[in-house]
Amino acid sequence: MWHYITPSKQQLLATMQKVEKMIAEFCIAPLELLELPPLKETTYFYERTGKHCWERNGTYYRVDVIFKLWKPFLTVAHADSVEMAKKHQFQNSKPFPYDLSDAELLQQVRLALHVPEDESPLSPVKRFANACTEKHEKEYEKTK
């Protein structure tokens, strides 16, 4: 049962997807995008819609929602390894209201990802190139 007059589920999902796009601009998605397995039927609505996970500097990130009595809050959750991410063992960062402006949402994403103010978002081509380079470096390290 949805307890909020505003936002609607669709409005909250739209904001969460906007935050996911902002995260993606600063992260490298693994070549095989980590699709988290669905949780139990009793979990919140977004858990069942599926989440995406991105990697930045060895840390995995996803958007989570925290339901407060008066309104939902968002958080950029992080896991220190892919194994922890697959087990849904994420730590929440500082929660923030869903109804911030785009600039304020971007600031929250930058804080959660520890992105310096002078760092620009990566283009999709650059993200893909970085992901390929990182994968080959890991494979090379294994051969040593």
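Refer to the structure presented above.
Residues numbered from 1 in each chain as written. Predicted model: local features only at pLDDT ≥ 70, side-chain atom pairs only at ≥ 80, totals over all residues. Heavy atoms only, no water.

### Observations concerning the environment of Met22
Alright, step 1. Mapped onto the elements, Met22 comes out in helix α1 (residues 9-26).
Alright, step 2. Looking at Met22, the relative accessible area reads 10%, which means it is buried.
Alright, step 3. The spacing of Met22 and Val109 is 87 residues in sequence and 7.0 Å in space, taken between C-alpha atoms. (Helix = DSSP H or I, 4+ residues; strand = E, 2+ residues; numbered from the N terminus. Buried < 20%, exposed > 50% of the residue type's maximum accessible area, 1.4 Å probe, protein only.)

### Topic: the nonpolar core
Alright, step 1. Within the largest apolar cluster, 21 residues are counted, with the highest numbers of intra-cluster contacts made by Val19, Ile23, Leu74, Val76 and Leu113.
Alright, step 2. Among the elements that take part in this core, α1 stands out by supplying 7 residues, more than any other.
Alright, step 3. Not counting the four nearest positions on each side in its chain, Leu74 is found in contact with Leu12, Thr15, Met16, Val19, Asp64, Val65, Lys94, Pro95, Phe96 and Tyr98. (Core = buried A, V, L, I, M, F, W, Y, C linked by side-chain atoms within 4.5 Å. Contact = heavy atoms within 4.5 Å.)

### A word on the environment of Leu111
Alright, step 1. In this structure, Leu111 sits in helix α4 (residues 102-113).
Alright, step 2. Distance from Leu111 to Lys94, taken between C-alpha atoms, is 9.2 Å for residues 17 residues apart in sequence.

### A closer look at the pairing of strand β2 (residues 59-67)
Alright, step 1. The element β2 is largely enclosed, with a buried count of 7 among its 9 residues.
Alright, step 2. Pairing of strand β1 (residues 54-56) with β2 involves 3 bridges; the strand directions are antiparallel. What sits directly across from Trp54, in β2, is Tyr61.
Alright, step 3. The turn joining β1 and β2, which pair antiparallel and follow one another in sequence, is formed by 2 residues; a positive phi near 55° is taken by Asn57.
Alright, step 4. One ladder, built from 8 bridges, connects β2 with strand β3 (residues 72-79); its direction is antiparallel. Its bridge partner being in β3, Tyr61 is matched across the sheet by His78. (Pairing = 2+ DSSP bridges.)

### Looking at the packing of α1 against α4
Alright, step 1. Contact geometry for α1 and α4: axes closest at 10 Å, N-to-C directions at 50°. With respect to α4, the element α1 is oriented oblique. Handedness of the α1/α4 crossing: right-handed. Where α1 abuts α4, its residues Thr15, Lys18, Val19, Met22, Ile23 and Phe26 lie against Asp102, Leu105, Leu106, Val109, Arg110 and Leu113. (Axes fitted to C-alpha atoms, helices over the stretch in contact; angles between N-to-C directions. Parallel < 35°, antiparallel > 145°, perpendicular 65-115°, else oblique. Left-handed = near helix turned anticlockwise from the far one by under 90°.)

### Regarding the side chain of Ser81
Alright, step 1. Along the chain, the position of Ser81 falls in the loop between β3 and α3 (82-86).
Alright, step 2. There is a polar contact of 3.1 Å between the side chain of Ser81 and the backbone nitrogen of Met84. (Polar contact = N/O pair within 3.5 Å; in protein donor to acceptor, adjacent residues only side chain to side chain.)

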